[in-house]
Amino acid sequence: MGLFSRGRASGGPGEWFYCLVHKKVEEGPECPARDRLGPYSTPAEAQHATEISEQRNQEWENDPRWHDEPDEGPRGPRP
């Protein structure tokens, strides 16, 4: 059996996820992992998965450690 099984859900009881397809909180493996955010510790946390994801994306976008200066090569700066 391969490490990554196509289409199979992963997770277990006590792990909470937010399904992006069905727009609902689920416990353990219901929908495939590619369609979920999580795992989260509580159903309430999973309910706010999209807000948490957006907040983390904004933090990443504004983190100067992830915005490198353009490289100066022999033909000048890279776009």
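Residues numbered from 1 in each chain as written. Predicted model: local features only at pLDDT ≥ 70, side-chain atom pairs only at ≥ 80, totals over all residues. Heavy atoms only, no water.

Draft legend 1. Spotlight on the sheet that holds strand E3 (residues 36-40). Strand order in this open sheet of three strands is E2-E1-E3, and the pairing throughout is antiparallel. With partners counted over all chains shown, the strands left at the sheet margins are strand E2 (24-27) and E3, one partner each. The mean angle between the axes of side-by-side strands here comes to 25 degrees, regardless of whether they run parallel or antiparallel. This element, helix H2 (residues 49-61), spans strand E1 (16-19) and E3 of the sheet and lies at about 95 degrees to E3. (Pairing = 2+ DSSP bridges. Helix = DSSP H or I, 4+ residues; strand = E, 2+ residues; numbered from the N terminus. Axes fitted to C-alpha atoms, helices over the stretch in contact; angles between N-to-C directions. Contact = heavy atoms within 4.5 Å.)

Draft legend 2. The arrangement of the pattern of salt bridges in detail. The final tally for this structure, using the stated rule, is two salt bridges. With a shortest N-O distance of 2.9 Å, Lys 24 and Glu 30 are connected by a salt bridge. Residue Lys 24 is classed as partly exposed on the basis of its relative accessible area, which comes to 34%. (Salt bridge = Lys/Arg side-chain N within 4 Å of Asp/Glu carboxyl O. Buried < 20%, exposed > 50% of the residue type's maximum accessible area, 1.4 Å probe, protein only.)

Draft legend 3. Quick look at the environment of Lys 23. Looking at where Lys 23 falls in the secondary structure, it is placed in the loop between E1 and E2. Classification of Lys 23 by relative accessible area gives exposed; the value is 58%. For the pair formed by Lys 23 and Arg 36, sequence separation is 13 residues and the distance between their alpha carbons is 9.4 Å. Within the structure, the side chain of Lys 23 is placed 2.8 Å from the backbone oxygen of Leu 20, a separation counted as a polar contact. (Polar contact = N/O pair within 3.5 Å; in protein donor to acceptor, adjacent residues only side chain to side chain.)

Draft legend 4. A look at unusual backbone geometry. Cis rather than trans, the peptide bond between Gly 38 and Pro 39 has omega equal to 15 degrees. When you line up the elements, Pro 39 lands in strand E3.

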